[in-house]
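Coordinate inspection notes
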Amino acid sequence: MRFNFFVILLTICLGSMIGKTQEPFKAEIDSILNLMTLEEKIGQLTLYTSGWDVTGPVLRENYLDDLRQGKVGNLFNAHTAAYNHNLQKIAVEETRLGIPLLFGYDVIHGYKTIFPISLAESASWDMDAIERSARIAAIEAAAGGLHWTFAPMVDIARDPRWGRVMEGAGEDTYLGSCIAKARVKGFQGSDLASNNTILACAKHFAAYGAAQAGRDYHTVDISENTLRDIYLPPFKAALDAGVATFMTSFNEYNGMPATGSKFLLQDVLRDDWKFDGFVVTDYTSINEMIPHGVAANLKHAANLAIQAGVDMDMQGAAYADYLEELVNENSVSISQIEGAVRQILKAKYQLGLFDDPYRYGDTLLEKNLILSNGHLDAARDMAKKSIVLLKNDNQTLPLKTSLRKIALIGPLANNQDNLLGAWAASGRASDCVSLLSGIQEVLNESQILFHPGCRINGEETDFSEAVSIASQADAIIVALGEERHMSGEAASRSSIGLPGSQLELVKTLSALDKPIIVVLMNGRPLAIPWLDQRVDAILETWFLGNMAGPAITDVLFGKYNPSGKLPITFPRNEGQIPIYYNMKNTGRPFNATDNYTSKYLDVANEPLYPFGFGLSYTSFRIENINIFDSVLTIYDDLVLTADLKNNGTVSGEEVVQLYITDKVGSLTRPVRELKGFKKIFLEPGQSEQIRFEIPIRSLGFHNAKMDYVVEEGAFDIHLGNSSTNTVTKSIIVQ
Ligand code: GLC
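Residues numbered from 1 in each chain as written. Predicted model: local features only at pLDDT ≥ 70, side-chain atom pairs only at ≥ 80, totals over all residues. Heavy atoms only, no water.

Observations regarding the sheet that holds strand β13 (residues 448-451)
Just so we agree on the cut-off: Two strands make a pair as long as DSSP finds a minimum of two bridges between them. A helix here means a DSSP run of H or I that spans at least four residues, while a strand means a run of E at least two residues long, and both kinds are numbered starting from the N terminus. As a rule, the C-alpha atoms of each element are fitted with a line to give its axis, helices using only the stretch in contact, and angles between N-to-C directions run from 0 to 180 degrees. By definition, residues are in contact when any of their heavy atoms lie within 4.5 Å.
Pairing is mixed in the open sheet, where six strands are placed in the order β11-β16-β15-β14-β12-β13. Each edge of the open sheet is held by one strand with a lone partner, namely β11 (388-392) and β13. Neighbour-to-neighbour, the strand axes of this sheet turn through a mean angle of 15°, independent of strand direction. In terms of strand pairing, strand β15 (residues 516-521) meets strand β16 (residues 537-540) through four bridges, oriented parallel. Looking across to β16, one finds that Ile517 is bridged to Ala537. Most of the contacts of helix α20 (residues 502-510) go to strand β14 (residues 475-481), to which it runs at about 170°, and overall it touches β12 (406-409), β14 and β15.

Shown next as structure tokens:
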């Protein structure tokens, strides 16, 4: 007998009338579960990629047969209202119970209106702008028939060789936690029942960014203290913001792949944190427990995953192929299966899919909302706020539009595709405005001289054409960097200099002895010591998405005063890696007068550009720093005020950063840690009092017993505009 959607609806109504329940949708879910076969239950724990987009090794070709038999309840990499409507129609009308599908996709930094890559957005330190970016991404994704994004990626990353630094919020736990919260709020909005909010997914749980040597998918080997104090807090911040789902990471932690880790998925996530959503694996990460060497075969791997607490198997078909056998042999209980099914059905209820399976995806909304002027304006705003001014000798920038001739040279000057960055969902190169097009909006044709100079990753040695063009100009803008797929997944680089012959190009141009402004477009910190020494100005513009050209132009010509601050350290060379600001002091911190202290023979210890660094076209001064009470208990707040003054001649924004140092701990503590920041806009000459209220409880760490503690003693408080440019005060915690 076929149970179609209406029979199930009737059952639900009866079920929900029987008794009010304390858990959301419990009665409805109970009703459905009673109707489901074991195979259908396992189908709800299965997620396959559609044929539309591929983001990993495809194991399952013919998912439509499985869909019709109720063996798959969730799809990803399927989108647009029409495409998903047709798939939903199969699920609702052609399966026995008509349970609606859940559609997921990697909407990381935009669905169709592509915003700056996540690392770039993080450089804005502007939580409202970051939340708005995620909100717009959700609105567009929902119009495109999507219910769930595999974002935010909240992996702390301290190694720029790792390609996925582009996808997260950089190296700092506090900044990363603030951004995780902003992104979850943006994607999920205030009500998941609204059809322009989508489930978010905190990934990759956990410590994926600690891959050894920055090589993607490599072994992670960190202490539990480092896990708990550095890598876990952004996940907890996402959970506290209400994130609906978690994704397990490919890597092992403490000898067990995260996908089979009871410590991570049960002890931490469920028991300690009380997470009440569902856990999906990363792409075939159940299967990968075999090469990891903890599973003899896929049945064993499936058992490890379900016992650890994985609810949904992404693309591995391990649950589809082995859970029934495991239940029949009593290795896995029905209640374990049903516990996972409940979480997934609950998510579908929260989205309203049982009321109306077609409530997401609307061709009219797609047409009116996607790439709307409002969304593109927001993308331009986010892009310009993400730009970091790394160098500006002799106030080379901003350029005057009255300049007679400006040369625009470089392989990224007139390029659209790379502006998208990695993980650009359904973004299109054709929707991106190149830097050349952006500049053409503000200069007339006769002023601009363009030449690509070389390829991004070429071996050119003859730059004579570019040089002859540049020799006619009053200033030379050189657009250099990486291809978009030189970062992202499976895109680690062992050397992080400018690829190809780009450095030779800019060296050749520098012989012209004209002002040179380098515009970097890249997905990771680059080792650019020569540029730092020898060019006049450097703008870090990352990959800024659709509106890159206009946003960079706004900054180049002073329409917007750059306000970005680095969310990740720029090393001088690969030999310094890992290098991050909140390192430990060691027993032999560098001392130039003592040979036997921590140093290199061939490079300084300091990075090229530190965490939190970024210049402005104006200058700010922080003064009158006042700590209200310098003797505090763990129940108090540290209250600090200071005056920020714009000393310059143009308006601008400054990010005032507050760091702390726990001077003596029962375990070694970082030399400093970010605990607060404020981004303030000031007109020239304007001054504003800023106030920090930092709970003393937030200054703690996990001690040797893995208890979170704030220990008594002296703390230094550092206030400034980067992790290295600060003024220090002291307090005592007792
Ligand atoms: C990839 C990524 C993950 C992504 C998933 C689906 O392998 O690791 O971040 O969400 O597969 O595309």
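Digging into the pattern of salt bridges
Oppositely charged side chains may form a pair once their charged atoms are brought near each other. The condition that has to hold: The working definition used for a salt bridge is a side-chain nitrogen of Lys or Arg within 4 Å of a carboxyl oxygen of Asp or Glu. Per-residue accessibility, obtained with a 1.4 Å probe over protein chains only, is compared with the maximum for each type, and a residue is labelled buried under 20%, exposed over 50%, and partly exposed between these values.
Inspection of every chain in the model, using the stated rule, returns 35 salt bridges. With a shortest N-O distance of 3.3 Å, Asp126 and Lys385 are connected by a salt bridge. Remark: Lys385 occurs in helix α17 (residues 373-386) and Asp126 occurs in the loop between α6 (118-122) and α7 (127-143); sequence separation between them is 259 residues. Overall, the relative accessible area of 12% leaves Asp126 in the buried class. Residue Arg270 pairs with Asp311 through a salt bridge whose shortest N-O separation is 2.9 Å. In this pair, Arg270 sits in helix α11 (residues 262-272) while Asp311 sits in the loop between α13 (298-308) and β10 (313-314), placing the two residues 41 residues apart along the sequence. The exposure classification of Arg270 matches that of Asp311, with both residues buried.

What to know about the packing of aromatic side chains
We apply this condition: For Phe, Tyr and Trp, rings pair up if their centres lie within 6.5 Å, where Trp contributes its six-membered ring, and each pair is then called stacked (planes under 30 degrees apart), edge-to-face (over 60) or tilted (otherwise). Any Lys NZ or Arg CZ found within 6 Å of a ring centre and within 35 degrees of that ring's normal is scored as a charge over the ring.
In total, this model carries 24 aromatic pairs according to the counting rule given. Taking 5.2 Å as the distance between ring centres and 90° as the angle between the ring planes, the aromatic pair formed by Phe205 and Phe246 counts as edge-to-face. One end of the pair, Phe205, is in strand β5 (residues 201-205); the other, Phe246, is in strand β6 (residues 245-248), and 41 residues separate them in sequence. Across the pair, Phe246 and Phe205 agree in class, each one buried. Ring geometry for Tyr208 versus Phe250: centroids 5.9 Å apart, planes at 75°, classification edge-to-face. Taken as a pair, Tyr208 in the loop between β5 and α9 (224-231) and Phe250 in the loop between β6 and β7 (252-253) lie far apart in primary sequence, 42 residues in all. Side by side, Tyr208 and Phe250 carry an identical accessibility label, which is buried. Members of the aromatic cluster, connected to one another through ring pairs, are Trp125, Tyr174, Tyr581, Phe611, Tyr659 and Phe677. Between the NZ or CZ atom of Arg158 and the centre of the ring of Tyr580, over which it lies, the distance is 3.6 Å. Stacked on the ring of Trp423, the Lys or Arg Lys203 has its end atom at 5.3 Å from the ring centre.

Points about the environment of Tyr63
Following the sequence through the fold, Tyr63 ends up in helix α4 (residues 63-68). By relative accessible area, Tyr63 is classed as buried at 8%. If we ignore the near neighbours within four places in the chain, the residues touching Tyr63 are Tyr48, Thr49, Ser50, Gly51, Val72, Leu75, Tyr83 and Leu87.

Considerations on the site of the ligand
To keep things clear, this is the line we draw: Working definition: residue near molecule or strand if any one of its non-hydrogen atoms lies within 4 Å of it. As used in this structure description, the phrase polar contact means that two N or O atoms lie within 3.5 Å; if the pair is within protein, one of them must be able to donate a hydrogen and the other to accept it, and residues adjacent in sequence are counted only when both atoms belong to side chains. Per-residue accessibility takes into account occlusion by the displayed protein chains alone, with areas from the Shrake-Rupley method and a 1.4 Å probe. Note on residue categories: nonpolar means Ala, Val, Leu, Ile, Met, Phe, Trp, Tyr, Cys or Pro, charged means Asp, Glu, Lys or Arg, and polar means any other residue, Gly included.
Residues in close proximity to the ligand total 14 residues, the closest being Thr55, Asp106, Lys203, His204 and Asp282. A distance of 2.6 Å is found between an oxygen atom of the ligand and a side-chain nitrogen or oxygen belonging to Asp282. Note that an oxygen atom of the ligand is positioned 3.0 Å from one of the side-chain N or O atoms of Glu489. Bound to the protein, the ligand loses 99% of the 310 Å² it would expose on its own. The residue makeup of the shell around the ligand, split by class, is seven nonpolar, two polar and five charged.

Let's talk about the domain arrangement of the chain
Stated formally: Boundaries between domains were set according to an automatic or database domain assignment. Joining two parts hides part of their accessible area as seen by a 1.4 Å probe, and the buried area is that hidden amount summed over both.
Annotation of the chain at the domain level lists domain 1 (5-364), domain 2 (372-576) and domain 3 (620-733). Centre-to-centre separation of domain 1 and domain 2, based on C-alpha positions: 36 Å. With 49 residues of domain 1 at the interface, the matching set in domain 2 holds 44 residues. In total, domain 1 and domain 2 occlude about 3500 Å² of area from one another, counting both sides; carbon and sulfur atoms represent 61% of this. Among the residues domain 1 hides against domain 2, the three largest losses belong to Ile114, Pro160 and Arg161. Together they make up 17% of the total. Inspection of the region where domain 1 meets domain 2 yields three salt bridges. Breaking the side of domain 1 that touches domain 2 down by element, the ones donating at least two residues are α6 and α7. Counting residues per element, the side of domain 1 that touches domain 2 draws most heavily on α7, at seven residues.

A look at the environment of Lys729
On the secondary structure map, Lys729 appears in strand β26 (residues 726-733). Considered as a pair, Lys729 and Ile660 are 69 residues apart in the sequence and their alpha carbons are 9.5 Å apart. Setting aside residues no more than four positions away along its own chain, Lys729 makes contact with Ile625, Ile627, Phe715, Asp716 and Ile717.

Some details on the packing of α9 against helix α10 (residues 233-240)
A pair of packed helices is characterised by two quantities: the angle between their axes and the separation of those axes. For the record, the criterion: Comment on the angle field: the value is read as roughly parallel under 35 degrees, roughly antiparallel over 145, roughly perpendicular from 65 to 115, and oblique elsewhere.
Interhelical geometry of α9 versus α10 gives an angle of 45° and a closest axis separation of 6 Å. Taken together, the axis directions place α9 and α10 in an arrangement best described as oblique. Side by side, α9 and α10 meet where Leu227, Arg228, Asp229, Ile230 and Tyr231 of the first sit next to Pro233, Pro234 and Phe235 of the second. Looking at the contact of α9 with α10 residue by residue, the class counts come to six nonpolar, no polar and two charged.

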